[in-house]
Amino acid sequence: NSAASCRHPDGRLFFGGVNGLIYFNPDSIFIPEYQYVTAVPYVQIYSHRIDSLISMGQHPTSLQVAAYPELLEFVLVCNERIKPDKVRYRYRLLGLSDKWNYTTGENKVKYVHLSPGKYTFQVQAMPLDGHLGEIFSLPVLVETPFTETVWFWLLIISAIMLVAYAAYRY
């Protein structure tokens, strides 16, 4: 019978079809452990000092950015080949937030006006089958402007004190 099915007490499944009967034991099916690999092959930085987008090299291991970038954009990829456009990602920027954020179909993550400091960008692929890939981590250093360093302010205070002393001596 076409479209007939039955489960045997020992666990085997039987299916009737136009060409006969098909049966198998679901426990004997080999399902390989497929590991999803997530990567950030491309990072775009837009800074107030530069008028165009800068692209970093393929698979950066760390990222150093000028102070207060106007836009920092990570492009995400996964080794899912069947439906790569359906892959969702979860990501976070440690140092800014510990909570995971989720994409809704796009493969780009954007951050605007990051404060100076050390961050770690982490991302995981979430294909349709729901298995999470390994966490991809990318250290990000947003440089501190010279005018916000302790040495700059010590220099300014020293200069003011020197001018005050010179005026006093005069």
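Peer 1: An account of the packing of aromatic side chains is needed here, citing residue identities and associated values.
Peer 2: One pair of aromatic rings is described through two measures. These are the centre distance and the angle between the planes. Counted by the stated rule, this structure contains eight aromatic pairs. Look at phenylalanine 74 and phenylalanine 121: their rings are 4.0 Å apart centre to centre, the planes differ by 0 degrees, and that puts the pair in the stacked class. One end of the pair, phenylalanine 74, is in strand E7 (residues 71–78); the other, phenylalanine 121, is in strand E11 (residues 117–126), and 47 residues separate them in sequence. Taken individually, phenylalanine 74 and phenylalanine 121 each receive the classification buried, so the pair is uniform in this respect. Aromatic side chains tyrosine 111 and phenylalanine 121 sit 6.4 Å apart centroid to centroid with 80 degrees between the ring planes, which places their arrangement in the edge-to-face category. Of this pair, tyrosine 111 sits in strand E10 (residues 108–111) while phenylalanine 121 sits in strand E11; the two residues are ten residues apart in sequence, bridging distant segments of the chain. With relative accessibility at 10%, the residue tyrosine 111 sits in the buried group.

Peer 1: Tell me what's going on with the confidence of the model for the chain, and back it up with residues and numbers.
Peer 2: Mean pLDDT for the chain: 80, with 84% of residues reaching 70 or above. By mean pLDDT, the top-scoring element of the chain is helix H1 (residues 150–169) (92), and the lowest-scoring one is strand E5 (residues 54–55) (45).

Thresholds, definitions, all that
Residues numbered from 1 in each chain as written. Predicted model: local features only at pLDDT ≥ 70, side-chain atom pairs only at ≥ 80, totals over all residues. Heavy atoms only, no water. Phe/Tyr/Trp six-rings, centres within 6.5 Å; stacked < 30°, edge-to-face > 60°. Helix = DSSP H or I, 4+ residues; strand = E, 2+ residues; numbered from the N terminus. Buried < 20%, exposed > 50% of the residue type's maximum accessible area, 1.4 Å probe, protein only. pLDDT = per-residue confidence, 0-100.

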